[in-house]
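Below, each chain spelled out in residue letters.
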Amino acid sequence: SQSCRLLYGHTNIILAVDCHCSLGLVATSSKDRLVRIWHVETGACVGLGEGHVDAVGAIAWGQRSGGVCASGSNDQSIKIWNTSKLAERAKRGVFGSGKEEVAEVAVVRGWKAHDKDINSIALSPNEAMVVSGSQDRTVKLWQVETGALTMTCKGHKRGVWCVKFSPVDKVVASASADASVKLWGIADGACLKTFQGHEGSVLKVVFVSSGMQLLTSGSDGLLKLWTIKTCECVDSFDHHEDKVWALAAAPGDDSIVATGGGDGLVNLWSDTTGQLEDEARVDSEERLALEQELSNALRAKDVRKAALLALRLQHPARLLLVIKDVLMGIDAEAVLKDVAAALDLQQLAQSLEYLRDWNTTGRNGAAAQALLQAILLTWPAHQLEKVPEMKTLVDALLPYTQRHLQRLEDSLQRSYMLDFTLHAMQSSLGGDDGDSGDLEGHADSGHLIADMLPWSIDAPSSRSTAPVHDDGAEEEEEAEA
């Protein structure tokens, strides 16, 4: 419903929030130096923790029992709070009247943890350890029972904004203002992996995909997904216009993630990997079926069906082979017109794009020009104008088409010179009429070639070839004399 409820109690800015979904309780910490526990259903404050002497910037609630809560403050200290009584009351369903008294939450233990402000804190899945990240650029591991320091992890060049325990491995992730995310081993405090890709401070990090991937948010407004095994950034998401300060995965279901940014937006994200894989599998099966249909159409010489399937599969090479096979057969012009008439507007635009590419090479120019001629003869001009980027396509087709035409005209003129040379040799050798007839048949080959071309070339009568044959006739007369 996207509805909200305002909870009143803090007297200054709220800096951190954590929840225990199964208990229906939420813990908040604020600049007013207080920790408060809220009952979600009634919106009542049911617990109050006092003890910090400066702003409380980090809060974490143990998810196993709900009886332990940890906080970190700008006073450089960590405090462990006993929330077991509140957890028991929530389990029994005592909260619900809306008139509950605010219970005092007792401090179990507290200690000075860092040399600067503590920005983030997290409890391990078994609630035996707590990890903290600070502006002093260190990540520290502590025992919850005793408050003893277990490990200090050093390597970040700037302050640490966020720390998280892995749900499956004995590692801790930390996000820093040095634009990096690091994985640390709990056993020895060694840096196992470093992830770099954000253009600014990395503000939050969470484990997703059952601990196999990391999701990070940064001051660059981006949300990035990382594969831990390869240290590669799988994808980046840009749906915030300012720093992404908040990032949280739903407890027990990390396929749903929420982000909050300085642009005042809260975005909900859903993992669509499974859906995309299913769609890819269906597309693959459909493509295989179409490939088989295309092969059957080619064997059956069904040109129209084969051409349409090649366009649907986006196989320009297969379409080119179909057109070349058509040009080798009889009645090619009628067959290509039939193919052009079967195209819809989208397929027409796709065909023209393929033609543009084919037309740039001499060996494919004939096929390109043949299909282009069929399209121009089949489709009226007012329909061709509807093709997207038609002017750009025409501008790309014209220069290569003119080049192909010029090359064919040059070839035709050279064939006339060959005719003249052979005719002159026959005349000087005094060949009989039969040989002359053969040469005349050969001389007509240039005209036959011109008639077979799919584009229009001026009739040979327009060429300056008459003087060549006239000279041959004069030589014949001189030979007879």
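Computed from a prediction, not measured in an experiment: that's the story for all the values here.

Cut-offs and rules
- Residues numbered from 1 in each chain as written.
- Predicted model: local features only at pLDDT ≥ 70, side-chain atom pairs only at ≥ 80, totals over all residues.
- Heavy atoms only, no water.
- Core = buried A, V, L, I, M, F, W, Y, C linked by side-chain atoms within 4.5 Å.
- Buried < 20%, exposed > 50% of the residue type's maximum accessible area, 1.4 Å probe, protein only.
- Helix = DSSP H or I, 4+ residues; strand = E, 2+ residues; numbered from the N terminus.
- Contact = heavy atoms within 4.5 Å.
- Pairing = 2+ DSSP bridges.
- Polar contact = N/O pair within 3.5 Å; in protein donor to acceptor, adjacent residues only side chain to side chain.
- 1 Å grid on protein atoms, 1.4 Å probe; cavity = no way out; pocket = protein on both sides within 12 Å on 5 of 7 lines; lining within 4 Å.
- Points joined across faces, edges and corners; volume = space filled by probe spheres on them.
- Nonpolar A, V, L, I, M, F, W, Y, C, P; charged D, E, K, R; others polar.
- Axes fitted to C-alpha atoms, helices over the stretch in contact; angles between N-to-C directions.
- Parallel < 35°, antiparallel > 145°, perpendicular 65-115°, else oblique.
- Left-handed = near helix turned anticlockwise from the far one by under 90°.
- Salt bridge = Lys/Arg side-chain N within 4 Å of Asp/Glu carboxyl O.

Caption draft 1: The arrangement of the nonpolar core in detail. Of all hydrophobic cores here, the largest spans 31 residues; its most connected members are Leu319, Leu348, Leu352, Leu355, Trp358 and Ile375. If you tally residues by element for this core, the top one is helix 7 (residues 362-378), at seven residues. Ignoring anything within four residues of it in the chain, the contact list for tryptophan 358 reads Pro316, Leu319, Leu320, Ile323, Asn364, Gly365, Ala368 and Leu371. In this structure, Ala27, Val35, Val46 and Phe95 belong to the second largest nonpolar core, which totals 17 residues.

Caption draft 2: Representation of the sheet that holds strand 1 (residues 14-20) in the model. Taken together, five strands build an open sheet; the order of strands is 1-2-3-4-8 and the sheet is mixed. Since the sheet does not close on itself, it has two edges, and those belong to strand 1 and strand 8 (103-104), each with one partner.

Caption draft 3: Representation of the side chain of serine 180 within the structure. Along the polypeptide, serine 180 turns up in strand 16 (residues 180-185). At 2.7 Å, the side chain of serine 180 forms a polar contact with the side chain of aspartate 178. In this structure serine 180 touches His156, Ser174, Ala175, Thr194, Phe195, Gln196 and Val202, once residues within four positions along its chain are discounted.

Caption draft 4: Empty space enclosed by the protein, seen in detail. In the structure shown here, the tally under the stated rule is one cavity of 30 Å³ or more. Roughly 70 Å³ of volume is contained in the largest cavity. Listing elements by their share of the lining of the largest cavity, those giving two or more residues are helix 3 (303-312), helix 4 (316-328) and helix 5 (332-341). Here the lining of the largest cavity is composed, by residue class, of 10 nonpolar, one polar and no charged.

Caption draft 5: Representation of the packing of helix 2 (residues 273-299) against helix 3 within the structure. Running from N to C, helix 2 and helix 3 cross one another at 155°; their axes reach a closest spacing of 9 Å. In terms of orientation, helix 2 and helix 3 fall into the roughly antiparallel class. At the point where helix 2 passes helix 3, the crossing takes the left-handed sense. Each of Glu286, Leu290, Glu293, Leu294, Ala297 and Leu298 in helix 2 lies in contact with helix 3, whose residues at this interface are Lys305, Ala306, Leu309, Ala310 and Arg312. Partitioned by chemical class, the residues of the contact of helix 2 with helix 3 number seven nonpolar, no polar and four charged.

Caption draft 6: Region of interest: the sheet that holds strand 9 (residues 106-112). Read across the sheet, four strands follow the order 5-6-7-9 without closing on themselves; strand pairing throughout is antiparallel. Sheet topology places strand 5 (56-61) and strand 9 at the edges, where each strand pairs with a single neighbour. Averaged over all pairs of adjacent strands, the angle between strand axes in this sheet comes to 20°, irrespective of strand direction. In terms of strand pairing, strand 7 (residues 77-82) meets strand 9 through six bridges, oriented antiparallel. Looking at strand 9, one finds that lysine 79 is bridged to glycine 110.

Caption draft 7: Seen up close, the pattern of salt bridges. Going through the model one piece at a time under the given rule, you end up with eight salt bridges. Where glutamate 286 meets arginine 312, a salt bridge forms, and the shortest distance between an N and an O atom there is 3.1 Å. With glutamate 286 in helix 2 and arginine 312 in helix 3, the pair connects residues that are 26 residues apart, well separated along the chain. Residue arginine 312 is classed as exposed on the basis of its relative accessible area, which comes to 52%. For arginine 304, the salt bridge identified is with aspartate 338, shortest N-O distance 3.6 Å. You can see arginine 304 sitting in helix 3 and its partner aspartate 338 sitting in helix 5, a full 34 residues away along the chain. Looking at aspartate 338, the relative accessible area reads 34%, which means it is partly exposed.

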